Amino acid sequence: MRTLFLNPPSFEGFDGGASSRWPATREIESYWYPVWLCYPAGLLPDSKVVDAPPHKISIEQTVAMAKDFELLVLFTSTPGFDVDVKMARMMKDVNSKLKVCFVGPPVTTEPEKALKESAIDFVVRREFDYQIVNYAKGTPLSELPGVSYRKNGEFVHNPEGGYIENLDELPWVTKVYKRDLDFRRYNVPFLLNPFISLYTSRGCPAMCTFCLWPQTHSGHRWRLRSADDVVNEVRWAKENFPGLKEIFFDDDTFNYKGARTIELCKKLAPLGVTWSCTSRVTTDYDTLSAMKDAGGRLMIVGYESGDQQILKNIKKGATIDMARRFTRDAHKLGLTIHADFIVGLPGESRESLRNTINFAKEIDCETIQVSIAHPYPGTEFYDYAQKNNLIQLGASMTDETGHQLPNIVYPGLNRGELVEWVQRFYDEYYYRPKAAFRVVSKAVMNGDVKRLYKEAREYLNLRSKRKQFVADQAASGAAAARMANGD
């Protein structure tokens, strides 16, 4: 079956499918590669990957493609699900014979909700590589592990199969990028542009309660590609993407084990490539040193919070002191850090948020991202929020343009205040002279002044929207209070 692998158009600038860990329209336009879709696409030579958002492919253009394919595989997200269903329905209207499969965390956790939509013929829960390939080659749904579908008016959920253990058997996603995507369309502000991302492993043994991927998709079992396979793909990418400035290893946690990281670094070093990766604060000095020597430049690090009790609540498996030591070591070696923080984690309070902002300024990483905590179905965080009645009924995860909004509230912290804390975090961090100078001087050095100007405009626009949301929430709360008092 001729197969279309689709990361669909959604909100303007929405990065919501495939390898995006926080489906949203971001402060600054960012696009990650559709890595998950590219693996099975590499096993089907006559398939095509369409990543609509970065390539500015419209809904109309996407719908028109339906007539050229027999199978549509659409990677969906919780915020984008309703829009994705409409897209699939429109494509079926163009081609009534088109079979539609949805993949991604929402259909793993709530397959029957997905199958109530007539536009969806079946879903594959968790990893979907071989199920899609085998279905496209003629295997009946009844014989495919992890598949859910309708039969005689009933829902059928096939038992799950095991995770893919031998990752070296999978194709190189970089060859699919070369075939179907324009690598210059992908932009992440803290990565060198242009960049390419790929995985060296799947799964994450960490037990963070909020993290969507290991709990709903890739699993906690850590499975590794061989160092030789990774190095060979990096070498091929270096030779086949003219102007490429950086490789990003987009694993759930790239350097989870020091020995494996050091082995891989020894083989990466002779290639002379610049690369970045994900990291935990538990990484020791020797591992960081090996990374730096092998061309490592930047790490995305999930600090999440600067409050020890919050870290305990989310089962982070790390302490504030570990985070301080890790940051000192990385900066001593000359490694750059993009620090991720989250507002609204279990137990959050004004005091814990103040602790986190102060901590972020203390460790002073080069760049930060502040996300709003979302209790996604299928996570331990979601179960906690449900049990404690913290999810606000009718509250959307995003605004009308796809930017994050909280759908969880705590005593004394309503939606408006949580959004206000996000903006306060950014303002206090980046409006420091030291931080502002660092951002500007880096842009000048890298020849990225034009990109910085564009990012600044996008950020200020979102800042204005956040302030309006906070004001609207305050006005709504005041009106509700007047009504309650009979005014």
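The coordinates are above.
Thresholds applied
- Residues numbered from 1 in each chain as written.
- Predicted model: local features only at pLDDT ≥ 70, side-chain atom pairs only at ≥ 80, totals over all residues.
- Heavy atoms only, no water.
- Helix = DSSP H or I, 4+ residues; strand = E, 2+ residues; numbered from the N terminus.
- Expected span 1.5 Å × (residues − 1).
- Buried < 20%, exposed > 50% of the residue type's maximum accessible area, 1.4 Å probe, protein only.
- Polar contact = N/O pair within 3.5 Å; in protein donor to acceptor, adjacent residues only side chain to side chain.
- Pairing = 2+ DSSP bridges.
- Axes fitted to C-alpha atoms, helices over the stretch in contact; angles between N-to-C directions.
- Contact = heavy atoms within 4.5 Å.
- Patch = residues over 30% accessible without salt bridge, like charges linked within 9 Å, V, L, I, M, F, W, Y side chains within 5 Å.
- Areas by Shrake-Rupley, 256 points an atom, 1.4 Å probe, with all protein chains shown as cover.
- Salt bridge = Lys/Arg side-chain N within 4 Å of Asp/Glu carboxyl O.
- Phe/Tyr/Trp six-rings, centres within 6.5 Å; stacked < 30°, edge-to-face > 60°.
- Core = buried A, V, L, I, M, F, W, Y, C linked by side-chain atoms within 4.5 Å.

Visitor: Before we move on, can you summarise unusual backbone geometry with the specific residues and values?
Guide: With an omega of 5°, the peptide bond running from N193 to P194 counts as cis. Mapped onto the secondary structure, P194 falls in the loop between α8 (173–180) and β10 (195–198). Its identity is not glycine, yet N152 carries a phi of approximately 55°, on the positive side. Within the secondary structure, N152 sits in the loop between β8 (147–151) and β9 (154–157). Of note, D364 is a non-glycine position whose phi angle comes to about 55°, a positive value. Counting through the fold element by element, D364 comes out in the loop between α15 (350–363) and β17 (367–372).

Visitor: Before we move on, could you go through helix α17 (residues 415–430) and cite the residues and values that matter?
Guide: Taking 1.5 Å as the rise per residue, α17 with 16 residues should run 22 Å; its terminal C-alpha atoms sit 23 Å apart, in good agreement. With respect to burial, α17 is a largely interior element, 13 of its 16 residues being buried. The residue sitting at the N-terminus of α17 and contributing the capping side-chain oxygen is N414; that oxygen lies 3.1 Å from the backbone nitrogen of G416.

Visitor: Can you explain the sheet that holds strand β5 (residues 71–75)? Please cite residues and give values.
Guide: Neighbouring strands of a sheet are bound in pairs by backbone hydrogen bonds; such pairs are parallel or else antiparallel. The strand order across the open sheet formed by seven strands is β4-β1-β5-β6-β7-β8-β9, and the pairing between neighbours is mixed. Two strands in the sheet have a free side with no partner beyond their single neighbour: β4 (48–51) and β9. Looking at each pair of strands side by side, their axes are set apart by 20° on average, direction ignored. Note: β5 against strand β6 (residues 99–103), five bridges, orientation parallel. By the bridge assignment, L74 is partnered in β6 with F102.

Visitor: Got a sec to walk through the sheet that holds β17? Specific residues and values, please.
Guide: The parallel open sheet is built from six strands, whose spatial order is β10-β13-β14-β15-β16-β17. The sheet terminates laterally at β10 and β17, the two strands that pair on one side only. Each strand axis lies, on average, 20° off the axis of its neighbour in the sheet, ignoring direction. Looking at chain direction, β10 and strand β13 (residues 246–249) are connected through four bridges and run parallel. Among the inter-strand pairings, S197 is bridged to a residue of β13, identified as F248. The strands touched by α15 within the sheet are β15 (296–304) and β16 (336–343), with β16 carrying the most contacts at an inclination of about 175°.

Visitor: Help me get a handle on a nonpolar patch on the surface, residues and values and all.
Guide: On the surface, a nonpolar cluster with roughly 250 Å² of combined accessible area is contributed by V440, V444 and V449. A relative accessible area of 44% means that V440 is categorised as partly exposed.

Visitor: I'd like to hear about the packing of aromatic side chains, residue by residue, with values.
Guide: The final tally for this structure, using the stated rule, is 24 aromatic pairs. Pairing W32 with F248 gives two aromatic rings, centres 5.4 Å apart and planes at 50°, and the pair type is tilted. Taken together, the positions of W32 in the loop between β3 (24–25) and α1 (35–42) and F248 in strand β13 put the pair 216 residues apart, joining distant regions of the chain. Each of the two residues, W32 as well as F248, counts as buried.

Visitor: Just give me the short version of the nonpolar core, but keep the residues and values in it.
Guide: In this structure, F122, F249, W275, M299 and Y303 are the most contacted members of the largest nonpolar core, which totals 123 residues. Not counting chain neighbours up to four residues away, the residues in contact with F122 comprise L71, V100, C101, F102, L115, I132, Y135, L141, V147, S148 and Y149. Ranked by size, the runner-up nonpolar core spans 25 residues in total, among them V63, L72, L74 and V85.

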